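Close look at the chain arrangement
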Amino acid sequence: MSLEAARAADVLAALSSPIRLSALAELTRRGREGATIAELAYALEASVPQAGDACARLVALGLATGSGNGLYRARPEGLREAAAAVDRLQPIAPLLDDYPQLRGYFAHGRLTSLPPTLSERYTQVGELLARFLALDGLYTEDEINQRLAAVADDVAGVRRMMVDTGWLERDRAGSTYGSGRRPTPAAAG
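Residues numbered from 1 in each chain as written. Predicted model: local features only at pLDDT ≥ 70, side-chain atom pairs only at ≥ 80, totals over all residues. Heavy atoms only, no water.

**A closer look at the overall build of the chain**
- Of the regular secondary structure elements, the chain holds 9 helices and 7 strands.
- At 23 Å, the chain has a C-alpha radius of gyration far larger than the 16 Å of a compact globule built from 189 residues.
- Its C-alpha atoms give the chain principal-axis dimensions of about 70 × 30 × 25 Å.
- The buried share among the 189 residues of the chain stands at 40%.
- When the accessible surface of the chain is summed, it comes to about 10400 Å², and 53% of that surface belongs to carbon and sulfur atoms. (Helix = DSSP H or I, 4+ residues; strand = E, 2+ residues; numbered from the N terminus. Rg over C-alpha atoms; globule rule 2.2 N^0.38 Å. Buried < 20%, exposed > 50% of the residue type's maximum accessible area, 1.4 Å probe, protein only. Areas by Shrake-Rupley, 256 points an atom, 1.4 Å probe, with all protein chains shown as cover.)

**What to know about the packing of aromatic side chains**
- Scanning the entire structure with this criterion turns up 0 aromatic pairs.
- Directly above the ring of Trp167 sits Arg181, whose terminal nitrogen or CZ lies 4.0 Å from the centroid. (Phe/Tyr/Trp six-rings, centres within 6.5 Å; stacked < 30°, edge-to-face > 60°. Lys NZ or Arg CZ within 6 Å of the ring centre and 35° of its normal.)

**So, the pattern of salt bridges**
- Overall, the coordinates contain 10 salt bridges when judged by the stated rule.
- Among the ionic pairs, Arg131 bridges to Asp98, the shortest N-O distance being 3.1 Å. Pair noted here: Arg131 is in helix H7 (residues 120-133) and Asp98 is in the loop between helix H6 (93-96) and strand S3 (106-107), with a separation of 33 residues, a long-range link.
- On the basis of relative accessible area, Arg131 is assigned to the buried category, the value being 16%.
- The exposure class assigned to Asp98 is partly exposed, which follows from its relative accessible area of 30%.
- In this structure, Asp153 and Arg110 form a salt bridge, with 2.5 Å as the shortest nitrogen-oxygen distance. (Salt bridge = Lys/Arg side-chain N within 4 Å of Asp/Glu carboxyl O.)

**Some details on helix H1 (residues 3-15)**
- Over its 13 residues, H1 runs 18 Å from end to end, which matches the ideal 18 Å to within 8%, given 1.5 Å per residue.
- Among all positions in H1, only Ala5, Ala8, Val11, Ala14 and Leu15 are buried.
- Buried residues along H1 sit in contact with helix H2 (18-30), helix H4 (48-60) and helix H5 (77-88). (Expected span 1.5 Å × (residues − 1). Contact = heavy atoms within 4.5 Å.)

**Notes on the nonpolar core**
- Counting residues in each nonpolar core, the largest one holds 29 residues, and the members touching the most others are Ile92, Leu111, Leu128, Leu129, Val158 and Met162.
- The element best represented in this core is H7, accounting for 7 residues.
- Residue contacts for Val158: discarding those within four places in its chain leaves Leu111, Leu129, Leu148 and Ala152. (Core = buried A, V, L, I, M, F, W, Y, C linked by side-chain atoms within 4.5 Å.)

**What about the sheet that holds strand S5 (residues 139-140)?**
- The strand order across the open sheet formed by 3 strands is S5-S7-S6, and the pairing between neighbours is antiparallel. The open sheet has two edge strands with one neighbour each: S5 and strand S6 (168-170).
- Relative to strand S7 (residues 176-179), S5 runs antiparallel, the two sharing 2 bridges. Within the sheet, the bridge partner assigned to Thr140 lies in S7 and is Thr176.
- Sheet strands in contact with helix H9 (residues 155-164) are S6 and S7, and its direction is about 95 degrees off that of S6. (Pairing = 2+ DSSP bridges. Axes fitted to C-alpha atoms, helices over the stretch in contact; angles between N-to-C directions.)

**Section: the packing of helix H8 (residues 141-149) against H9**
- Between H8 and H9, the shortest axis-to-axis distance is 10 Å and the interhelical angle comes to 110 degrees. Here H8 is positioned roughly perpendicular relative to H9, judged by the angle of their axes. In this structure, H8 contributes Glu141, Ile144, Asn145, Leu148 and Ala149 to the contact, and H9 contributes Val155, Val158, Arg159 and Met162.
- Across the contact of H8 with H9, the residue classes tally to 6 nonpolar, 1 polar and 2 charged. (Parallel < 35°, antiparallel > 145°, perpendicular 65-115°, else oblique. Nonpolar A, V, L, I, M, F, W, Y, C, P; charged D, E, K, R; others polar.)

This is the structure:
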């Protein structure tokens, strides 16, 4: 596991504690005004040591700022940073850097929708996925499905789109697949 993934896991594990999650929610609700440990303890109906421990842990994770008995403020960008770290671990992420115009069709490394059928981007999604699959021989439908399942929920629809756009070829029986067109080393943009 990478350092980024470990940090994201730490953030999620820490927020599984109800007091920490409540503390972050309360600090977020208070915005720039923030709260002292005593104010936070009162708002959360928790002891001062419990509120202090929650704040210390949130600060250590980069989800809050503050120290000692001073003012604590939420740092929600810490959550965005953890989410971005997880996104970067998705297998399609490095290839999406070459296709910035396609990012809107992906969420957290998953293909969430396809562009309109006759658009240039429809073909570009096919090329991106062909590069992702990196086929170098013949594969069964199950093998193709397993690979596509890493980035798409509608595996059959995506496989059909790749065949329709020529990035994937299938035999007459429809059981064996191979590479159609060869993708360029980098996207045309």
